[in-house]
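Residues per chain, in single letters:
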Amino acid sequence: MSSSVNSQTLWYLSRGTGMVTLVLLTLTLLLGIAGLRSRGWLTMPRYVIAGLHRNLSLLLLVFVSVHIATAVLDPYAGLRLINAVLPFSSTYRPLWVGLGAIALDLLMAVVVTSLVRARLGLATWRAVHWAVYVIWPVAVLHAVGSGSDIASGLVPALIAVCAALVLAAGGWRLLGEVA
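These numbers were taken from a predicted model, which means no experiment stands behind them. (Residues numbered from 1 in each chain as written. Predicted model: local features only at pLDDT ≥ 70, side-chain atom pairs only at ≥ 80, totals over all residues. Heavy atoms only, no water.)

Asker: For this particular structure, what's the right way to read the nonpolar core?
Answerer: Soluble globular proteins tend to pack their nonpolar side chains together in the buried interior. Counting residues in hydrophobic clusters, the biggest one holds 34 residues, and the most contacted among them are L22, L25, L29, L107, I135, W136 and I159. Elements represented by at least two residues in this core include exactly α1 (3-36), α2 (46-73), α4 (94-115), α7 (132-146) and α8 (154-178). For this core, the element with the highest residue contribution is α1, accounting for 9 residues. With near-sequence residues (within four places) excluded, I135 lies in contact with L25, A103, L106, L107 and V110. (Core = buried A, V, L, I, M, F, W, Y, C linked by side-chain atoms within 4.5 Å. Buried < 20%, exposed > 50% of the residue type's maximum accessible area, 1.4 Å probe, protein only. Helix = DSSP H or I, 4+ residues; strand = E, 2+ residues; numbered from the N terminus. Contact = heavy atoms within 4.5 Å.)

Next up, the structure:
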């Protein structure tokens, strides 16, 4: 297999896992919001929502790991592992890759605090968990700016659907807070 085929395969894997990561992040955020408001039309028990939320979060971590690994292994952009965690350290699209690093760093803070939630206490865990409301738009900006396939119809459509769902869920939550 030639290096151009490898590079192209890595590019497709990186973009594909990036888009799947965005979908999983969106679904995880939606389930988090739904878990807070599990009444009305949403008739699933809260423990079912929490279990699905947790399992999708774990799957999200797998896909973001593959996304980072394939981006680092692809020689085109010349990314290094440090660029995935140290914001704005990349020479390739530093702003957009830096936003991805910020999203990853915040995601790792949420994961770590979730793992030690019992020792932190609910208030501290909840304060850090609110970072998901920053992670999601930062990840969307990363997706919009870092990929060269943003002009294709599928990527903007996927981002638009994710955005519409998050905005609808956010509105649903705010209306519930007011009511």
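Asker: Even after reading the chapter, I still don't get the environment of V62, so can you show me in this structure?
Answerer: When you line up the elements, V62 lands in helix α2. With relative accessibility at 48%, the residue V62 sits in the partly exposed group. Remark: the alpha-carbon pair of V62 and T9, spanning 53 residues in sequence, is separated by 18 Å.

Asker: Honestly, the packing of aromatic side chains in this entry has me stumped. Any pointers?
Answerer: Between two aromatic rings, the relevant description is the distance of the centres plus the angle of the planes. Considering all chains together, one arrives at 3 aromatic pairs under this definition. Seen from their ring centres, Y76 and Y92 are 6.1 Å apart, and the 80° between their planes marks the pair as edge-to-face. One end of the pair, Y76, is in the loop between α2 and α3 (81-85); the other, Y92, is in the loop between α3 and α4, and 16 residues separate them in sequence. Its relative accessible area of 21% is what places Y92 among the partly exposed residues. Residues W130 and Y133 carry aromatic rings whose centres are separated by 5.0 Å and whose planes lie at 40° to one another, so their mutual orientation is tilted. Under the relative-accessibility criterion, Y133 is labelled partly exposed at 32%. (Phe/Tyr/Trp six-rings, centres within 6.5 Å; stacked < 30°, edge-to-face > 60°.)

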